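# Close look at the chain arrangement
Single-letter residue listing:
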Amino acid sequence: MSVIHDVDATPPWQLVLTSLLLILLPEALAIALFSSIGVGATVAGFGASETMDMVGNGAACLCALLLALAFVVDVHRRGIVVQIIMALLLAACFVATSALKFIGYPWLSFFVCFGISIALIANMRVRCFKPSDIAGKRFFESLAFSFVLAALIVFGAWMGWQAMADKFWSSATRTSLAETNQEVYNYFYSNSSLTLNYTLHCSETKDTAFLATLGTDNEATVGSACKSAETVWFMQWAGPSAIGIGNIIVAAVSWVFSQAAASLQYDESETETHKVKRALKNSTALVVLMLTIMYAAQYVSGANVTISSGLLALGAASVATIVGFMLLEFGFARLNAHAKKDRLAQNLMNMLKSEWMKALMVAGLNIFIPIMALLDRIRQKIRRCTGLPCADGGGKFTAEGQRVVTEMSSWAWCSIFFKVNLVGLLGVSLLMGMKLTYVFFSWLNETLAAANLGFPLLCVMILGVALLMFLCPIVPGSAVYLFAGVVLGAQSQLTGSVGFPLGVASGVLVSSVCKMIACTLQYSMGYGMGKFVKVQQFVGVDKVPTRAMEQILNQRGLKIDKVAILVAGPDWPTSVLCGILRLNVPAMLLGTLPVILVSIIPQVLVGALLTYQDESSSGIMGIISSSVTLAAAVVQALAMFFFTYRIMKVVDEDGEKLAQERDEHRAVAELTRKEQDYVRALKEVSDWKRLSCAQKTTVLLSSFCILVASFIFMADYSVATKFCFRSFAITSKIGASYLEGGLEGNALNLVIVPMGWVALGLAVIGTTLHVVINKWLACNARSNLVSGANKTDVQAMSPSTIGKSSSGYSGFKDTE
């Protein structure tokens, strides 16, 4: 029977009001300090100096030190006074940091205050409304209702302020916001001979004749300063709406959690295992949704880097929060014990404990793993010095830390490090592919504009180029659609051309035709590759997840799960997989058609708006562009979430049938059987304890280089001040100066000296070492087989790589 009670004495209004209070207090602080309703302009002006920026960096370091201190002194086991003091210090430190860094990261302050609300609610759940006292369903339903109320209150206050102060979005409002943020303009443009003025230098009615007299570089500097300052005061004006939207998102997540918690409530007609299964499915679905949001962030990065970074931060923080609440509410031991009794739940747990998930954890935490180990040893010493009870028998680590050390010591570290390398290289490849694609499209845009081609011929040229780009696996389809919108949108506005609306329509038509042709060509590539048994084995045609996807794709008509895979899946891999699986081509193209509404139209429109030349409506066009980009990302994330959920459901319902052997896959099964001895030998020689010192050094160096390179790339992607790659958009010009967003005539200037080249060099060195150690261990494995088997049989075996799965069906289970 569940530990959750069926009847709770706590009145619902008490839960709602307490939650609402904990939500609104930090949000009210954020609105008062960082929005135009309060003193947002004053706070921004206070931080508008290099000195304050450096103090902000110091405050961020202090926050990290306070978090470390709270960990090592076991603040949760100390008295309530100590806990309150530490909580107030942390909150004050984070708020102060966000205030001091408000100029560079205007969204950070709202994010921090929102995080404080979540932390307060988690503490309330642990101390006041414990899982053993309050049913999870009631708690999370009340929490969802509280967040909805908070969203309505915030939106109401924001709209009421606009009505009373006449601050609706208009030219007068923009002028007023700019005037109250004059210190911000002075910070971004510190030229003693000219004081930046929004009306004269930045607005739609700016004095273009005067700006032209400043020279190209100074005019570019003025334009850049105007955009940076506008971002700050726009966030002051729109900040409350961002908080309201965040409340709605958390309310939706809380409602899903309430359904998961309801699965664990006592019901005599339902087994405990089935309850845990439903709870695990719902919670895992939330994690998958947040991961798809993070993928969607990369999907729209070409259109709006700010939205992309925000979605990435939202996804990462949400995953950590959901996992934390899941473990708090259900308990890992309980989930793990009952998951063993159900196939789908067991597959989910196996997926969470697989080497790929371990590799993702190592790649994500990287340097924090040894830091946490060091802090845990310090915590153990402090426990002994202060007399706190220790249940570890006097070891170097605490009982909690020792469990982690024991668990990690049993991992197959060589295989995990190799998977870490592959994850890092995939991220580096996608990032570099995106950067190079934008440079190429920028050059092509300039070349086509200079060629002065007729509009119909230009459409044909774009169709051909887009087809070639679609055949490259690392080029995202969104970049192709964006390029079509930029080129045709700009050309349509020239004198005597077809006009902006027809230009956008032409971009949509060209992109749609290109997508259909590209899908057919990619299908043909997959069809040809699918003739090789090794390729079939690589994609897992005999594995249940792949067969589940095949079953969904073979449905007739426009079934929503089928459409979701074809529309939201990565462009090149999805169509190639359809070819390998020998799916029906017309059915595949029919299912792909909705991509026109979901992706092509939004991305083409955003690209065209980037070139829109009507200054009088530039502000509203910017809002439309950002809104369309955000909507496209949300739809992309929801579609990916839905098809992932449907694949899990098909595995659950038809797993036994899909696991049965098929005649068309006998060759794959036979190849797997032939490679079993080799894979076993490879696993033996890659055992960490059996590796030589030179081999261990090579493995560690390869992972170290790739992890450092990946960290540098991601840090550069996330921060406002670039230190690795210069900001460059499809609409930028290679020949323009750095101040104008260009590369000063050399594409290699995309890489910033020295950090950019250092990161690329580390990636190359890591890749080289990865290949070397792969070959080295593969050679050792063959040598071991040769000594105990027929050499001819060994030579007939196909080479493998460390960590490749070759087992039969185990759902999502990774080969150990």
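Residues numbered from 1 in each chain as written. Predicted model: local features only at pLDDT ≥ 70, side-chain atom pairs only at ≥ 80, totals over all residues. Heavy atoms only, no water.

### Digging into the overall build of the protein
Helices and strands together make up the secondary structure of the protein, namely 33 helices and zero strands. Buried positions account for 48% of the 816 residues belonging to the protein. Put simply, of all contacts in the protein between residues at least 6 apart along the chain, 77% involve residues at least 24 apart. Roughly 37400 Å² of accessible area belongs to the protein as shown, and the carbon and sulfur atoms make up 68% of that amount. (Helix = DSSP H or I, 4+ residues; strand = E, 2+ residues; numbered from the N terminus. Buried < 20%, exposed > 50% of the residue type's maximum accessible area, 1.4 Å probe, protein only. Contact = heavy atoms within 4.5 Å. Areas by Shrake-Rupley, 256 points an atom, 1.4 Å probe, with all protein chains shown as cover.)

### Re the nonpolar core
In terms of nonpolar packing, the biggest core is built from 61 residues, with Phe441, Ile462, Phe483, Phe713 and Phe725 touching the most fellow members. Membership of the second largest hydrophobic core comes to 37 residues, among which are Ile31, Ala48, Cys113 and Trp161. (Core = buried A, V, L, I, M, F, W, Y, C linked by side-chain atoms within 4.5 Å.)

### Structural notes on unusual backbone geometry
Geometrically, the link from Val753 to Pro754 is a cis peptide bond, its omega value of 0 degrees lying close to zero. One non-glycine residue, Asp166, lies in the positive phi region at around 55 degrees. The residue Asp166 is located in the loop between α6 (136–165) and α7 (171–180) in this model. Looking at Asp166, the relative accessible area reads 60%, which means it is exposed. Backbone geometry places Glu744, a non-glycine residue, at a positive phi of 55 degrees. Tracing the chain through its elements places Glu744 in the loop between α31 (693–718) and α32 (755–786).

### Some thoughts on the side chain of Thr698
Within the secondary structure, Thr698 sits in helix α31. Residue Thr698 is classed as buried on the basis of its relative accessible area of 12%. Residues contacting Thr698, with those up to four places away along its chain left out, are Leu769, Ile773 and Trp776.

### Digging into the packing of helix α3 (residues 50–72) against helix α17 (residues 368–386)
For the pair α3 and α17, interaxial distance at closest approach is 8 Å and the crossing angle is 50 degrees. Regarding the angle of α3 to α17, the classification is oblique. Touching Ala68, Phe71 and Val72 of α3 are Met372, Leu375, Asp376, Ile378, Arg379 and Ile382, all from α17. Split by residue class, the contact of α3 with α17 holds seven nonpolar, no polar and two charged. (Axes fitted to C-alpha atoms, helices over the stretch in contact; angles between N-to-C directions. Parallel < 35°, antiparallel > 145°, perpendicular 65-115°, else oblique. Nonpolar A, V, L, I, M, F, W, Y, C, P; charged D, E, K, R; others polar.)

### Thoughts on the state of the cysteines
One way to say it: the disulfide is the covalent bond shared by the sulfur atoms of two cysteines. According to the stated counting rule, one finds two disulfides in the structure shown. With its sulfur 1.9 Å from that of its partner, Cys202 forms a disulfide with Cys226. One quick way to see it: the torsion about the S-S bond of Cys202 and Cys226 is about -60 degrees, and its sign makes the bridge left-handed. Taken together, the positions of Cys202 in helix α9 (residues 198–202) and Cys226 in helix α11 (residues 216–262) put the pair 24 residues apart, joining distant regions of the chain. For the pair formed by Cys202 and Cys226, the shared burial category is buried. (Disulfide = S-S within 2.5 Å.)

### Some remarks on the side chain of Asp376
In this fold, Asp376 is placed in helix α17. Only 3.0 Å separates the side chain of Asp376 from the side chain of Arg379, close enough to count as a polar contact. Sequence-distant contacts of Asp376, that is, excluding residues within four places in its chain, are made with Phe71, Phe397, Thr398 and Gly401. (Polar contact = N/O pair within 3.5 Å; in protein donor to acceptor, adjacent residues only side chain to side chain.)

### Looking at the environment of Leu701
You can see Leu701 is positioned in helix α31. With 68 residues separating them in the primary sequence, Leu701 and Leu769 have C-alpha atoms 7.5 Å apart.

### Side note on helix α4 (residues 80–100)
With 21 residues, α4 ought to run about 30 Å at 1.5 Å a step, and its terminal C-alpha atoms sit 30 Å apart, in line with that. Taken residue by residue, α4 has Gln83, Met86, Leu90, Cys93, Val95, Thr97, Ser98, Ala99 and Leu100 as its buried positions. Residues of α4 that are buried make contact with α1 (12–34), α2 (40–46), α3 and α5 (108–127). (Expected span 1.5 Å × (residues − 1).)

### Let's talk about the packing of aromatic side chains
Applying the stated rule across the entire model yields 20 aromatic pairs. When the ring of Tyr198 is compared with that of Trp233, the centres are 5.9 Å apart and the planes differ by 85 degrees; the resulting orientation is edge-to-face. Residue Tyr198 is found in helix α9, and its partner Trp233 is found in helix α11; the two are separated by 35 residues along the sequence. You can call Trp233 buried: its relative accessible area is 3%. Note on Trp413 and Phe417: the rings are 5.3 Å apart at their centroids and 35 degrees apart in plane angle, and the pair reads as tilted. Note that Trp413 and Phe417 are positioned in helix α19 (residues 413–451) at a spacing of four residues, about one turn of the helix. (Phe/Tyr/Trp six-rings, centres within 6.5 Å; stacked < 30°, edge-to-face > 60°.)

### Describing the confidence of the model for the protein
For the protein, the mean per-residue pLDDT works out to 79, and 79% of the residues sit at or above 70. Counting interchain partners and residues more than four positions distant, the pLDDT-below-50 stretch residues 300–305 has 17 contacts. Counting interchain partners and residues more than four positions distant, the pLDDT-below-50 stretch residues 790–816 has 58 contacts. (pLDDT = per-residue confidence, 0-100.)

### Here's the deal with a nonpolar patch on the surface
Residues Ile80, Val81, Ile84, Ile85, Leu88 and Leu89 make up a contiguous nonpolar surface patch of about 570 Å² in total accessible area. Turning to its location among the elements, Leu88 is positioned in helix α4. (Patch = residues over 30% accessible without salt bridge, like charges linked within 9 Å, V, L, I, M, F, W, Y side chains within 5 Å. Salt bridge = Lys/Arg side-chain N within 4 Å of Asp/Glu carboxyl O.)

### So, a negative patch on the surface
On the surface, Asp217, Glu219, Glu740 and Glu744 cluster together to form a negatively charged patch. Positionally, Glu740 belongs in the loop between α31 and α32. (Lys, Arg positive; Asp, Glu negative; His and termini not counted. Charge placed at Lys NZ, Arg CZ, Asp CG, Glu CD.)

### Let's talk about the pattern of salt bridges
Tallying each qualifying case throughout the model produces 14 salt bridges. Measuring nitrogen to oxygen at the nearest pair gives 3.0 Å for the salt bridge that ties Asp376 to Arg379. Of this pair, Asp376 and Arg379 both sit in helix α17, three residues apart, which is roughly one turn of that helix. Taking relative accessible area as the criterion, Arg379 reaches 7% and is therefore assigned buried. Note that Arg680 is salt-bridged to Asp677, the shortest N-O span being 2.8 Å. Of this pair, Arg680 and Asp677 both sit in helix α30 (residues 666–685), three residues apart, roughly one helical turn. Judged by its relative accessible area of 41%, Asp677 is partly exposed. Connected via shared salt-bridge partners are Asp74, Asp376, Arg379, Arg383 and Glu400.

### Concerning the environment of Gly364
With respect to the element layout, Gly364 can be found in helix α16 (residues 355–365). Gly364 sits in the exposed class, given a relative accessible area of 55%. Sequence separation between Gly364 and Gly424 is 60 residues; the distance between their C-alpha atoms is 9.8 Å.

### Notes on a positive patch on the surface
Side chains of Arg377, Lys381, Arg384 and Lys396 sit close together on the surface and give a patch of like positive charge. With respect to the secondary-structure elements, Arg377 resides in helix α17.

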